[in-house]
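Residue-level structural notes
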Amino acid sequence: MSELEIDGYKKWVCVTPVRQEENCHAIQYAQRLAKFFDAKWVTRDSRSIAKIFSDTGAEVIVVAADWPVFYHRDQTENGLQYHPGMSTLRLQTLLQGGTDRLLQAAQIRPSDWVLDATCGLASDAVVLSYAVGRQGKVTALEKSPVIYRMLQHAQTEGLEHLPQQISTWLSRIDLLHQDALQFLRQSGHQQYDVIYIDPMFQEPIMNSPGIAALRPFAYKEPLDEILFAEACRVTRQRVVIKARAHDSIWRRLPIQPDKLSGRVRYGIWEREGT
């Protein structure tokens, strides 16, 4: 469990859903998940999530639902669960001959090498994986140990439960548990065609249950000039950053928006001569 301890989550426990605590199959599944996540399996005993945190001193609770649900000690009401999000609809649009705004902003081409420096739930990474095709490569970095292990489980144990167009391209992503700045500093000059960065918005979207569940586990450091400079060094073509219209990065970084309207925009830096 040393990889997880580096990031401060030293104690994970795994339990069954509350209405399945005496179901033998549910118990066996919870025990398998506990092993996968290096967690300790404990009996549910009709306890609430808050009570299990109090009784065990856990920092992360994994509930062994069909898709595991992760609870943070500071957020016991909303659990985090993997879902492909908008990537399903976006892939359907592309398969029907439509366009995708991120792919247009990043000018992704088949066979490109793309680095997604802030993977999150991998919704963008799946679309990028489709766009670069089997001759290309998407490397996705996730610093949060919980989000990383959740995605790792989806890649290895959950593919058969996903739509084929999602499982195909999710499985091809090279997922790494890495800090973006450290990874970029260790990367070669112009190693990737495109680098994509989607940091947590400085002003959170308060009416999104999915973001509310994600936020306690995510790293919230703002994108700074040091990371941006490293991304510019490592890309061959361009850096693309997702940000809200009033984010401070538009004042701090030499990037151009993909459009001048809308609450969310893609900021683009291109290498001269691209």
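To be clear, the structure that these remarks concern was listed above.
In this text, all values refer to a predicted model and were calculated from it rather than measured experimentally.

1. Comments concerning the overall build of the protein chain
The helix and strand tally for the protein chain stands at twelve helices and twelve strands. Projected onto its principal axes, the C-alpha coordinates of the protein chain cover approximately 65 × 35 × 35 Å. Across the 274 residues of the protein chain, 53% fall into the buried class. If you take every contact in the protein chain between residues at least 6 apart in sequence, the share linking residues at least 24 apart comes to 71%. Just so you have it, the protein chain exposes about 13,400 Å², and 48% of that area is on carbon and sulfur atoms. Each charge class in the protein chain was averaged separately, 32 positive and 32 negative side chains, and the resulting centres sit 2 Å apart.

2. Comments concerning unusual backbone geometry
The phi torsion at Asp-38 lies on the positive side, around 55°, for a residue other than glycine. Positioned with a positive phi, Ala-122 is a non-glycine residue whose angle comes to about 70°.

3. Topic: the environment of Ser-144
With respect to the secondary-structure elements, Ser-144 resides in the loop between β7 (137–141) and α7 (145–156). Separated by 73 residues in the primary sequence, Ser-144 and Phe-217 place their C-alpha atoms 6.4 Å from one another. Among the polar contacts listed, one links the side chain of Ser-144 to the backbone oxygen of Phe-217, at a separation of 3.0 Å.

4. Examining the sheet that holds strand β1 (residues 12–15)
In spatial order, the strands read β2-β1-β3-β4-β5; together these five strands make up an open sheet with mixed pairing. Bordering the open sheet on either side are β2 (40–41) and β5 (75–81), each of which pairs with just one other strand. The pairing of strand β3 (residues 60–63) with strand β4 (residues 69–72) spans four bridges and is antiparallel. Each residue of the ladder has a partner; that of Val-63, found in β4, is Val-69.

5. Some remarks on the sheet that holds strand β9 (residues 192–197)
Spatial ordering of the open sheet is given by β8-β7-β6-β9-β10-β12-β11, a layout of seven strands whose pairing is mixed. For this open sheet the edge positions go to β8 (174–176) and β11 (256–257), each flanked by a neighbour on one side alone. Taken together, the three bridges between β7 and β8 define a ladder with parallel strand orientation. Residue Thr-139 lies in a different strand from β8, and its bridge partner there is Asp-174. The sheet contacts of helix α6 (residues 123–132) involve β6 (113–116), β7 and β9, and relative to β7 the element is tilted by about 165°. Along the sheet, helix α11 (residues 225–234) contacts β9, β10 (235–244) and β12 (264–270); its crossing angle with β10, the most-contacted strand, is approximately 145°.

6. Brief notes about the pattern of salt bridges
By the definition in use, this model includes 15 salt bridges. Note that Asp-112 is salt-bridged to Arg-109, the shortest N-O span being 3.6 Å. The partner of Arg-233 in a salt bridge is Glu-230, with the nearest N and O atoms 2.9 Å apart. Here Glu-230 and Arg-233 lie together in helix α11, a separation of three residues that amounts to about one turn. A relative accessible area of 26% places Arg-233 in the partly exposed class. The buried category is assigned to Glu-230, whose relative accessible area is 18%. Overlapping salt bridges bring together Arg-47, Lys-51 and Asp-55 as one network.

7. Focus: the packing of helix α4 (residues 87–95) against α6
For the pair α4 and α6, the least separation of the axes is 9 Å and the interaxial angle reads 20°. Taken together, the axis directions place α4 and α6 in an arrangement best described as roughly parallel. Two packed elements cross with a definite hand, and for α4 against α6 that hand is right-handed. Along its contact with α4, which presents Ser-87, Arg-90, Leu-91, Leu-94 and Leu-95, the element α6 presents Ser-123, Asp-124, Val-126, Val-127 and Tyr-130. Class assignment for the residues of the contact of α4 with α6 results in six nonpolar, two polar and two charged.

8. Re the pairing of β6
Bridging between β6 and β7 involves four bridges; their strand directions are parallel. When the sheet's bridge partners are listed, Asp-116 is paired in β7 with Ala-140. The β-α-β motif built from β6, the intervening α6 and the parallel element β7 has right-handed crossover chirality. Examined bridge by bridge, β6 and β9 share three bridges and lie parallel to one another. Pairing of Leu-115 across the sheet is with Ile-195, part of β9.

9. Here's the deal with the packing of aromatic side chains
Aromatic ring pairs are described here by two measures, namely the spacing of the ring centres and the angle between the planes. In the structure shown here, the tally under the stated rule is nine aromatic pairs. Taking 5.3 Å as the distance between ring centres and 85° as the angle between the ring planes, the aromatic pair formed by Phe-37 and Phe-70 counts as edge-to-face. Residue Phe-37 is located in the loop between α2 (24–36) and β2, and its partner Phe-70 is located in strand β4; the two are separated by 33 residues in the primary sequence. Phe-70 shares its class with Phe-37; the two are buried. Here Phe-183 and Tyr-192 contribute two aromatic rings whose centre-to-centre distance is 6.5 Å and whose plane-to-plane angle is 45°, an arrangement assigned as tilted. Taken individually, Phe-183 and Tyr-192 each receive the classification buried, so the pair is uniform in this respect. Pairwise contacts between aromatic rings join Trp-12, Phe-36, Phe-37 and Phe-70 into one cluster. Seen from the ring of Trp-113, Lys-137 lies directly overhead, with NZ or CZ sitting 4.8 Å from the centre.

What counts, and at which threshold
- Residues numbered from 1 in each chain as written.
- Predicted model: local features only at pLDDT ≥ 70, side-chain atom pairs only at ≥ 80, totals over all residues.
- Heavy atoms only, no water.
- Helix = DSSP H or I, 4+ residues; strand = E, 2+ residues; numbered from the N terminus.
- Buried < 20%, exposed > 50% of the residue type's maximum accessible area, 1.4 Å probe, protein only.
- Contact = heavy atoms within 4.5 Å.
- Areas by Shrake-Rupley, 256 points an atom, 1.4 Å probe, with all protein chains shown as cover.
- Lys, Arg positive; Asp, Glu negative; His and termini not counted.
- Charge placed at Lys NZ, Arg CZ, Asp CG, Glu CD.
- Polar contact = N/O pair within 3.5 Å; in protein donor to acceptor, adjacent residues only side chain to side chain.
- Pairing = 2+ DSSP bridges.
- Axes fitted to C-alpha atoms, helices over the stretch in contact; angles between N-to-C directions.
- Salt bridge = Lys/Arg side-chain N within 4 Å of Asp/Glu carboxyl O.
- Parallel < 35°, antiparallel > 145°, perpendicular 65-115°, else oblique.
- Left-handed = near helix turned anticlockwise from the far one by under 90°.
- Nonpolar A, V, L, I, M, F, W, Y, C, P; charged D, E, K, R; others polar.
- Right-handed = clockwise from strand over helix to strand, strands pointing away.
- Phe/Tyr/Trp six-rings, centres within 6.5 Å; stacked < 30°, edge-to-face > 60°.
- Lys NZ or Arg CZ within 6 Å of the ring centre and 35° of its normal.

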